[in-house]
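Read off the chains here:
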Protein chains: 2
Amino acid sequence: MPSIIKASGQREQFKQSKLRKSLHRSGATSVQAEEIVTVISQGLREGENTSDIYNRAFHLLRKNRNEIPAARYSLKQAIRELGPTGFPFEKFVGKIFEASGYDVKVGQIMKGTCVSHEMDVVAVKGKEIVLVEAKFRNRSGDDIGVRVPLYMRSRFEDILNNVPKEKRRGYRCMIVTNTRFSVDACKYADCVGNIKLIGWRFPKDNGLEHMIESLGLHPITVLNILSREEKLKFFEKGLVVCQDIDKAPHKLDSLGLSKNKINTVIEQAKELCRLKV
Amino acid sequence: MPSIIKASGQREQFKQSKLRKSLHRSGATSVQAEEIVTVISQGLREGENTSDIYNRAFHLLRKNRNEIPAARYSLKQAIRELGPTGFPFEKFVGKIFEASGYDVKVGQIMKGTCVSHEMDVVAVKGKEIVLVEAKFRNRSGDDIGVRVPLYMRSRFEDILNNVPKEKRRGYRCMIVTNTRFSVDACKYADCVGNIKLIGWRFPKDNGLEHMIESLGLHPITVLNILSREEKLKFFEKGLVVCQDIDKAPHKLDSLGLSKNKINTVIEQAKELCRLKV
């Protein structure tokens with residue numbers, strides 16, 4: 001098999017098993033996955049980019065009229081579409097906590113003993129208070145480096161020092177990203193012990209993509225029937241995740257879409273919200 | 001007086017006293033400063049940028065053939081010219097410590113208990129070990145925010161934890177920048193106590209510009225007789241501060257400058273190196 005180039009710029013051998021697993025994860029049947037793996041492997045050129053290869057696989061899934069698995073397959077790209085020009089990532093992270101039963105505040109100022117800190121997300125459930133730094137990255141090769149847990153640690157300490165001792169036990173500190181953490185970031189967070197890291201497939205089998213899928217919190221950017229402009233209109237109406245559409249389908253009437261398109265959107269959204277892994 | 005716009009984007013009233021002080025600091029006589037302040041004040045337009053106004057003042061100084069004060073006047077700009085495309089700022093900061101009698105290493109890896117950290121500058125004199133983070137900024141309105149002292153604190157702690165207790169007392173932690181620190185960065189560093197901040201005119205009367213002037217460590221980018229290309233050639237030859245030229249004037253022979261220009265460069269450099277405030 002030829003070697004291919006990952007988003008990080010590193011070369012690696014193309015592995016059929018990786019692509020197969022990824023297709024399964026997206027809901028493709030074994031037969032569909034096998035067909036696509038065969039087609040992709042035959043057309044593979046030395047030094048191709050991972051993203052090109054995976055996009056090709058994604059188009060094959062769509063061609064097979066598997067709109068739903070195709071939509072799920074592109075979840076990572078859909079999260080990226082929430083980026084700076086769309087809906088801020090911290091609000092989306094807030095929605096994850098809300099769906100898990102927390103009271104959530106976004107962009108909250110927290111007093112420390114030295115200075116005040118703006119926390120992206122503060123999530124409260126009973127005596128548990130989770131302080132979250134949400135790090136959005138546009139490019140998939142961009143790791144979150146060790147400086148983020150380093151400054152989070154000092155910030156957490158400064159805030160905790162301002163909390164009565166008996167209440168400190170409920171405080172948690174977390175960094176959530178749509179990309180990966182550098183080796184040193186993981187090593188440092190692991191070593192100091194009180195900073196939890198959530199990234200793309202990190203921790204393995206319990207990362208951001210798992211939270212989104214298990215809560216049915218797919219962002220509406222996953223609906224590939226919608227154009228970029230239409231997605232921005234949805235954001236403006238407060239329709240951010242598929243569940244929002246499921247809860248208030250009437251909000252779609254004022255968006256200027258055809259009756260037919262509205263029906264397809266609602267159908268796709270319902271289907272995706274029900275998909276729990 | 002009309003209001004003008006600072007590098008940070010904030011508006012403020014134009015103050016003759018500020019410009020006058022700044023001209024004096026650059027070595028202009030009282031008569032010269034007064035003349036320039038008058039000309040500038042008369043030509044002032046509402047909403048002009050501080051940098052345009054100060055550039056005009058600087059050109060007037062040059063026009064008056066005060067080459068040396070003009071060169072000193074542009075020290076801040078000269079430091080900016082050390083930036084990413086020229087000579088790295090951390091090496092220049094290293095030179096400041098060297099000139100103050102320290103043994104200096106740039107880009108040194110320091111082991112912590114959790115991870116290893118790359119320190120921009122490590123300066124050692126006897127039992128004193130100074131760990132320096134050098135933050136270069138290209139734009140003058142760019143403050144150094146609170147995250148820098150926050151991550152420096154955790155990093156310093158991680159490194160100290162790896163040092164035998166009896167040796168920890170000699171360790172210092174410092175952040176040096178060519179710009180300013182945000183209010184919160186100063187507040188935080190002041191509050192935790194063991195991080196020293198050095199910036200442009202910070203601390204007042206003992207900032208980076210003072211260190212440079214008192215040590216006579218003006219970078220060669222201050223020599224306004226040289227073009228950008230010529231300055232880069234100087235860097236390649238290891239000629240970074242005026243003192244380098246003063247110590248090894250023969251190095252100028254291979255740079256393709258005219259005899260006349262070489263003489264002027266040496267003259268300007270000698271003059272500047274001698275200027276101690």
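Below: a short report on this structure. Please read these numbers as outputs of a predicted model, since none were measured by experiment. (Residues numbered from 1 in each chain as written. Chains lettered and ligands numbered in written order. Predicted model: local features only at pLDDT ≥ 70, side-chain atom pairs only at ≥ 80, totals over all residues. Heavy atoms only, no water.)

### A word on the pattern of salt bridges
Item 1. Applying the stated criterion across every chain yields a total of 28 salt bridges over all chains.
Item 2. Residue D244 of chain A pairs with K95 of chain A through a salt bridge whose shortest N-O separation is 3.5 Å. Of this pair, D244 of chain A sits in helix 11 (residues 242-247) while K95 of chain A sits in helix 6 (residues 89-99), placing them 149 residues apart in sequence.
Item 3. Note that E48 of chain B and R56 of chain B form a salt bridge whose closest N and O atoms lie 2.8 Å from each other.
Item 4. In this structure E48 of chain B comes out as buried when scored by relative accessible area, which is 7%.
Item 5. With a relative accessible area of 29%, R56 of chain B lands in the partly exposed category.
Item 6. The structure contains a network of salt bridges with shared partners spanning E133, K135 and R155 of chain A together with R147 of chain B. (Salt bridge = Lys/Arg side-chain N within 4 Å of Asp/Glu carboxyl O. Helix = DSSP H or I, 4+ residues; strand = E, 2+ residues; numbered from the N terminus. Buried < 20%, exposed > 50% of the residue type's maximum accessible area, 1.4 Å probe, protein only.)

### Section: the relation of the copies chain B and chain A
Item 1. When chain B is brought onto chain A, the operation consists of a screw motion whose angular component is 179° and whose axial shift is 0.0 Å, with 0.2 Å RMSD remaining. What we have between these two chains is a two-fold relation. Among all residues of chain B, the one whose C-alpha sits closest to the rotation axis is Y151 of chain B, at a distance of 2.0 Å.
Item 2. Most of the interface of chain B is mirrored in chain A, where 100% of its interface residues again form contacts. (Least-squares fit on C-alpha atoms with pLDDT ≥ 70 in both. Contact = heavy atoms within 4.5 Å.)

### A short note on the sheet that holds strand 4 (residues 116-125) of chain A
Residues and elements named next belong to chain A.
Item 1. Judged by pairing direction, the sheet is mixed, and its five strands sit side by side in the order 3-4-5-6-7 without closing on themselves. In the strand order of this sheet, the two ends are held by strand 3 (103-111) and strand 7 (196-198), each with one partner. Sheet twist, expressed as the mean angle between neighbouring strand axes with direction ignored, is 35°. (Pairing = 2+ DSSP bridges. Axes fitted to C-alpha atoms, helices over the stretch in contact; angles between N-to-C directions.)

### Things to note about the sheet that holds strand 6 (residues 171-177) of chain B
Residue and element names in this part refer to chain B.
Item 1. Pairing is mixed across the open sheet formed by five strands, whose spatial order is 3-4-5-6-7. Two strands bound the open sheet, and with one partner strand each, they are strand 3 (103-111) and strand 7 (196-198). Put simply, the sheet's adjacent strands are angled 35° from each other on average, direction ignored.
Item 2. As paired strands, strand 5 (residues 128-135) and strand 6 are joined by seven bridges and run parallel to one another. Considered in strand 6, the bridge of E133 is made with I175.

### Structural notes on helix 9 (residues 208-215) of chain B
Residue and element names in this part refer to chain B.
Item 1. Within the span of helix 9, buried status applies to L208, E209, I212 and E213. An end-on view of helix 9 places all buried positions within 125° of arc, on one side of the element.
Item 2. Directly after helix 9, the chain includes G216, whose backbone phi takes a positive value near 65°. (Arc of directions from axis to C-beta.)

### Observations concerning the state of the cysteines
Item 1. Using the criterion set out here, one finds two disulfides over all chains in the structure.
Item 2. One disulfide bridge connects C114 of chain A with C191 of chain B, the sulfur atoms lying 1.9 Å from each other. As the torsion about the S-S bond is roughly -70°, the C114 of chain A-C191 of chain B disulfide counts as left-handed. Within this pair, whereas C114 of chain A is found in the loop between strand 3 and strand 4, its partner C191 of chain B is found in helix 8 (residues 183-192), the two belonging to separate chains.
Item 3. Unpaired in terms of disulfides, C173 of chain B finds its nearest cysteine sulfur in C114 of chain A, a separation of 14 Å.
Item 4. According to the relative accessible area criterion, C173 of chain B is buried, its value standing at 3%. (Disulfide = S-S within 2.5 Å.)

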